[in-house]
Amino acid sequence: MIWLRETDSTNEEIKRRAGEDAPDGLWVVADRQTRGRGRRGRSWESANEGNLYMSLLLRPVFPKESASMVTLVMALSVASVIREMTGLDAKIKWPNDIVIGGKKVVGILTELAFDEQGSYYLVCGVGINVNQRSFPVEITETATSLLTEYISITTEKAEGTETARIDRKQLAECLRERFKADYASFCKVGNMSELKASYEALLANKDAYVRVLDPKGEYEGIALGINNDGELLVQKAEGCVEAVYAGEVSVRGIYGYV
Ligand code: ATP
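Note that the coordinates shown come from a computational prediction; the quantities given were computed from them, not determined experimentally. (Residues numbered from 1 in each chain as written. Predicted model: local features only at pLDDT ≥ 70, side-chain atom pairs only at ≥ 80, totals over all residues. Heavy atoms only, no water.)

### With respect to the side chain of Thr7
Right, so step 1: Residue placement: Thr7 occurs in strand 1 (residues 2–7).
Right, so step 2: If near-sequence neighbours (up to four positions away) are discounted, Thr7 is found in contact with Glu13, Arg16, Ala30, Arg32, Gln33 and Thr34. (Helix = DSSP H or I, 4+ residues; strand = E, 2+ residues; numbered from the N terminus. Contact = heavy atoms within 4.5 Å.)

As structure tokens, then:
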């Protein structure tokens, strides 16, 4: 795990190093990013140095068609580690975000690229709002941090909250270990079957109404869970069940983000 003061984007940093034969399992962590990215060209606010901006290089042997499931594996690992370390009720918003109390605390961006030999590799980027206490106006309503949520549930909050910090290094190391174990379970079978039950137990929208923002047409239904390929199963009013593939689609709650 390499720690940097600053980089443009830890995903880009991994891609540069992948071109120089960096090994499977390399993590790059930065104190801040100057061009943090979300899905489909959106940006990830990355100026605050109390957070984690980290990316992992994977050189998988499974077919590249299975790559989108790595986002789900990472989401499960991140949510589990947050719950264990802080006791906070972190939930997964399928496919790539972690939320607490309906607000986003983690974003995950998995990208697929090819090396010079033509083999594919994956870059799995994770942005965790750890110690940040205030956010830019565009995201104040939708973003939160572990520390903010932790302080809001801590009863003896009168003393020490101004200087309280969550240990980023410990969190990063716990995540590395947890992902290693979850990824091994995934690789053993090449799908989500072994992790499905744990994933669904943390799924924020499970059994709730959702709106599927599909470029081919939006629709609403009840999110039942995921299938072994990591697609979200949504039951429409007519009764039929759609398997939603993460690619171009976003999912929202009926009344808000979750
Ligand atoms: P989708 O459901 O399609 O993933 P999304 O809005 O969650 O949609 P992402 O690409 O996952 O999109 O994340 C980028 C978005 O997250 C930005 O457009 C912004 O709204 C929000 N965002 C950016 N930086 C942060 C941050 N540090 N913490 C929380 N939210 C952020």
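### A short note on the domain arrangement of the protein chain
Right, so step 1: The domains assigned to the protein chain are domain 1 (2–200) and domain 2 (206–253).
Right, so step 2: Placing the centre of domain 1 and that of domain 2 at their C-alpha centroids yields a distance of 23 Å.
Right, so step 3: Taken residue by residue, the interface counts 15 residues in domain 1 and 18 residues in domain 2.
Right, so step 4: Counting the surface lost from both domain 1 and domain 2, the interface buries some 1400 Å², and carbon and sulfur atoms represent 55% of this.
Right, so step 5: Viewed at the interface, domain 2 and domain 1 are joined by 0 salt bridges.
Right, so step 6: Contributing elements (two or more residues each) for the side of domain 1 that touches domain 2: helix 2 (69–86) and helix 5 (196–201). (Domains from an automatic or database assignment. Buried area = accessible area lost by both parts, 1.4 Å probe. Salt bridge = Lys/Arg side-chain N within 4 Å of Asp/Glu carboxyl O.)

### Here's the deal with the sheet that holds strand 12 (residues 250–253)
Sheet strands associate in pairs through backbone hydrogen bonding, adopting either a parallel or an antiparallel arrangement.
Right, so step 1: Strand order in the open sheet formed by 5 strands is 11-10-9-8-12, and the pairing between neighbours is antiparallel. Each edge of the open sheet carries a strand with a single partner, namely strand 11 (241–244) and strand 12. Each neighbouring strand pair of the sheet contributes to a mean axis angle of 45°, computed without reference to strand direction.
Right, so step 2: Direction of pairing for strand 10 (residues 232–235) relative to strand 11: antiparallel, over a ladder of 4 bridges. Its bridge partner lying in strand 11, Gln235 is registered against Val241. (Pairing = 2+ DSSP bridges. Axes fitted to C-alpha atoms, helices over the stretch in contact; angles between N-to-C directions.)

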